[in-house]
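Spelled out from the first residue to the last, the chains are:
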Amino acid sequence: WRQFILKHHSPRDGQGRLIPVPHPVSGWGGRPTRELLTLLDDAKCIGMPHDTLWIDAGWFGKDRPVANTEYCKESDWYRTVGDWRVNQVPHPGGLGPLAAAVHKHGKKFLLWVEIERVMPDTPVATEHPEWLLRTRNDPNNLLLNLGNPDARDWAIQTVERLVREEHIDYYRQDFNFNTLPFWREADAEDRQGISEARFVDGLYRFWDALRQRFPDMLIDNCASGGRRIDFETMSRSICLWRADQLGRPWFDDSEVNQLQIQSLTPWVPLHAGGVNIANRDEYAVLSGIGPSVSPALDFPLYADEADGRWKAEMRALAKRLSPWFLRDFYPLTGAAEDRGNLCAYQCHDSAADNGFILVFRRPGSPVSAIVLHAEGIDAGADYDLEVFRGETSRVRGTALTDLAVALPEPRSAKLLFYRKAAATDHRRV
């Protein structure tokens with residue numbers, strides 16, 4: 001199933017190559033360009049193995065001073081959604097200078113947009129009210145009707161302009177409100193579902209138009225955290241933020257990340273989610289590593305030199321693990337939603353006969369040891385077994401097919417790498 005999805009329902013570039021899940025550092029779009037530029041320099045200073053600068057919301061709207069973080073009560077980013085002009089106060093000259101610096105560093109530039117939501121006093125709402133859907137219970141949010149060809153053309157032109165003028169490599173499309181009431185109120189009783197069907201068809205046409213214009217551009221289908229994952233969206237995009245519950249200062253639920261990775265990955269090979277890479281909390285970081293990680297807003301990038309080294313090490317670990325998520329994935333424990341259970345899964349490359357096993361003991365779990373049965377192992381062969389932050393040893397395959405793992409402390413994790421030893425190498429440890 002996973003290989004079928006990767007081959008037929010995953011986005012590819014203009015040369016037919018699978019578009020990889022990025023490993024970004026990120027900044028709030030309301031921060032001035034001069035501050036966001038320090039992320040690039042700081043990342044280079046500590047050897048952070050990232051490939052993308054992710055600029056989130058807050059960069060748009062009429063020219064005005066803005067709060068430079070999402071978490072300030074003064075932040076008004078949501079009141080200007082629908083007005084996709086670059087705010088020249090924090091970003092004089094637009095985002096081009098930032099994009100140029102990103103590209104000089106050899107990285108990709110990712111920008112947040114929420115094209116479907118429109119605030120009532122934005123230019124498009126004033127000039128083209130016929131393009132918008134409304135609901136009585138939410139008058140402060142309007143829905144750009146992508147089922148309307150004229151509205152869809154405006155959306156295509158608007159995003160195309162942003163991509164070209166601001167030199168965007170990856171386009172992040174958020175979607176932060178409930179649209180079902182808008183569709184229902186737009187249809188008569190005997191026509192329910194028509195507006196929704198046309199809208200969804202329009203969404204796919206919108207993305208197809210962008211993919212045609214920019215065949216190497218990744219589309220991130222965030223949708224307020226993983227609310228748009230189906231065959232068609234997966235064919236065109238990757239969800240880089242699988243839940244709004246994670247990766248924010250007011251949320252730190254590592255067990256939810258474990259559950260999502262174990263439950264989603266067998267069906268959806270390409271995804272990422274929020275991780276707080278902070279406080280040297282390796283349990284939290286390991287809980288969130290999937291095909292990639294999408295860290296919480298990285299400003300400042302690190303607190304001190306030791307913190308910077310640790311964060312770079314964690315990002316390097318995430319990049320080491322990510323290629324295995326394109327191979328075979330096996331949940332090794334059940335009922336991951338039960339916080340009393342241990343959680344474990346395995347990624348295995350059958351061609352190279354190597355992979356890793358990751359095991360978590362949750363804070364509320366009374367279980368301190370478990371025997372796991374790794375998949376795809378040659379029981380009669382020798383394997384080199386590496387424990388992350390531990391020793392490397394040579395073991396028989398039976399030690400992996402019946403793998404005893406002890407986790408004496410609650411809220412702890414164990415990561416084990418294995419690879420089949422060469423047939424001519426008979427060393428034993």
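Let us look at the structure shown here. What you see is a predicted model; the values in this text were computed from it and never measured.

About the cut-offs
- Residues numbered from 1 in each chain as written.
- Predicted model: local features only at pLDDT ≥ 70, side-chain atom pairs only at ≥ 80, totals over all residues.
- Heavy atoms only, no water.
- Helix = DSSP H or I, 4+ residues; strand = E, 2+ residues; numbered from the N terminus.
- Rg over C-alpha atoms; globule rule 2.2 N^0.38 Å.
- Buried < 20%, exposed > 50% of the residue type's maximum accessible area, 1.4 Å probe, protein only.
- Contact = heavy atoms within 4.5 Å.
- Patch = residues over 30% accessible without salt bridge, like charges linked within 9 Å, V, L, I, M, F, W, Y side chains within 5 Å.
- Areas by Shrake-Rupley, 256 points an atom, 1.4 Å probe, with all protein chains shown as cover.
- Salt bridge = Lys/Arg side-chain N within 4 Å of Asp/Glu carboxyl O.
- Expected span 1.5 Å × (residues − 1).
- Pairing = 2+ DSSP bridges.
- Axes fitted to C-alpha atoms, helices over the stretch in contact; angles between N-to-C directions.
- Left-handed = near helix turned anticlockwise from the far one by under 90°.
- Nonpolar A, V, L, I, M, F, W, Y, C, P; charged D, E, K, R; others polar.
- Core = buried A, V, L, I, M, F, W, Y, C linked by side-chain atoms within 4.5 Å.
- Phe/Tyr/Trp six-rings, centres within 6.5 Å; stacked < 30°, edge-to-face > 60°.
- Parallel < 35°, antiparallel > 145°, perpendicular 65-115°, else oblique.

**Describing the overall build of the protein chain**
Logical step 1: A tally of helices and strands in the protein chain yields 13 helices and 18 strands.
Logical step 2: Computed over the C-alpha atoms, the radius of gyration of the protein chain is 23 Å, within 12% of the 22 Å expected from 2.2 N^0.38 for a compact globule of 429 residues.
Logical step 3: The buried share among the 429 residues of the protein chain stands at 56%.
Logical step 4: Summarising the internal contacts of the protein chain: among those between residues at least 6 apart in sequence, 71% fall at separations of at least 24.

**Observations regarding a nonpolar patch on the surface**
Logical step 1: A cluster of nonpolar residues, Trp1, Phe4, Phe231 and Trp267, forms a patch on the protein surface that exposes about 480 Å² of accessible area.
Logical step 2: Residue position: tryptophan 1 is located in the segment before helix H1 (2-8).

**Here's the deal with the environment of asparagine 137**
Logical step 1: When you line up the elements, asparagine 137 lands in the loop between strand E5 (132-133) and strand E6 (142-144).
Logical step 2: What makes asparagine 137 exposed here is its relative accessible area of 75%.
Logical step 3: A sequence separation of 44 residues divides asparagine 137 from proline 181, and the C-alpha atoms of the two residues are 8.4 Å apart.

**Side note on helix H2 (residues 33-46)**
Logical step 1: For H2, spanning 14 residues, the distance from its first C-alpha to its last is 21 Å, which sits close to the expected 20 Å at 1.5 Å a residue.
Logical step 2: Taken together, the buried residues of H2 touch strand E1 (24-27), strand E2 (52-55), helix H3 (96-104) and helix H12 (305-321).
Logical step 3: The first or second residue beyond H2 is glycine 47, which carries a positive phi of 70°.

**Regarding the sheet that holds strand E4 (residues 117-118)**
Logical step 1: Strand order in the open sheet formed by 3 strands is E4-E6-E5, with antiparallel pairing between adjacent strands. The sheet is open, and its two borders are formed by E4 and E5, each paired with just one other strand.
Logical step 2: Relative to E6, E5 runs antiparallel, the two being bridged by 2 bridges. When the sheet's bridge partners are listed, leucine 133 is paired in E6 with leucine 143.

**A word on the packing of helix H5 (residues 149-166) against helix H7 (residues 194-213)**
Logical step 1: One can describe the packing of H5 onto H7 by two numbers: an axis separation of 10 Å at closest approach and a directional angle of 35°. Of the two possible hands of crossing, H5 and H7 adopt the one that is right-handed. Judged by residue contacts, Arg152, Ala155, Ile156, Val159, Glu160 and Arg164 of H5 engage Gly202, Arg205, Phe206, Ala209, Leu210 and Arg213 from H7.
Logical step 2: Split by residue class, the contact of H5 with H7 holds 6 nonpolar, 1 polar and 5 charged.

**Observations concerning the nonpolar core**
Logical step 1: Counting 65 residues, the largest nonpolar core has Trp59, Trp84, Phe109, Ile115, Leu144, Tyr171 and Phe206 as the members making the most contacts within it.
Logical step 2: Apart from the residues within four sequence positions on either side, tyrosine 171 is in contact with Leu111, Val113, Ile115, Val159, Phe206, Trp207, Leu210, Met217, Leu218, Ile219 and Asp220.

**What to know about the side chain of glutamate 116**
Logical step 1: Position of glutamate 116 relative to the elements: it lies in the loop between strand E3 (108-113) and E4.
Logical step 2: You can call glutamate 116 buried: its relative accessible area is 0%.

**Comments concerning the packing of aromatic side chains**
Logical step 1: Summed over the entire model, instances satisfying the criterion amount to 25 aromatic pairs.
Logical step 2: A centroid spacing of 5.8 Å and a plane angle of 55° characterise the contact between phenylalanine 325 and phenylalanine 356, whose relative ring orientation is tilted. With a gap of 31 residues between them, phenylalanine 325 in the loop between H12 and strand E11 (328-331) and phenylalanine 356 in strand E13 (residues 354-361) connect regions that are remote in the sequence.
Logical step 3: Grouped by ring-pair contacts, the aromatic residues Trp28, Trp59, Phe60, Trp77, Tyr78, Trp84 and Trp112 constitute a single cluster.

**Observations concerning the sheet that holds strand E12 (residues 343-349)**
Logical step 1: In space, the 6 strands of this open sheet follow the order E11-E12-E13-E18-E15-E16, with antiparallel pairing throughout. At either end of the open sheet lies a strand with only one pairing partner, and these are E11 and strand E16 (392-396). Averaged over all neighbouring strand pairs, the angle between strand axes comes to 20°, with direction disregarded.
Logical step 2: Pairing between E11 and E12: 4 bridges, direction antiparallel.

**Focus: the packing of H2 against H3**
Logical step 1: Between H2 and H3, the shortest axis-to-axis distance is 10 Å and the interhelical angle comes to 10°. Of the possible angle classes, the one that applies to H2 and H3 is roughly parallel. Between H2, through Thr33, Leu36, Leu37 and Leu40, and H3, the contact on the second element is made entirely by Leu98, Ala101 and Val102.
Logical step 2: Its residues assigned to classes, the contact of H2 with H3 shows 6 nonpolar, 1 polar and no charged.

**Focus on the pattern of salt bridges**
Logical step 1: Counted according to the given criterion, the structure contains 30 salt bridges.
Logical step 2: The salt bridge partner of glutamate 160 is arginine 213, with a shortest N-O separation of 3.1 Å. One end of the pair, glutamate 160, is in helix H5; the other, arginine 213, is in helix H7, with 53 residues separating them in the sequence.
Logical step 3: Its relative accessible area of 19% is what places glutamate 160 among the buried residues.
Logical step 4: Of the charged contacts, one joins arginine 339 and glutamate 255 as a salt bridge, the two residues approaching to 3.5 Å between their closest N and O atoms. Of this pair, arginine 339 sits in the loop between E11 and E12 while glutamate 255 sits in helix H10 (residues 254-264), and the two are 84 residues apart along the sequence.
Logical step 5: For arginine 339, a relative accessible area of 43% corresponds to the partly exposed category.
Logical step 6: Taking relative accessible area as the criterion, glutamate 255 reaches 11% and is therefore assigned buried.
Logical step 7: Among the charged side chains, a salt-bridge network with shared partners connects Asp56, Arg172 and Asp220.

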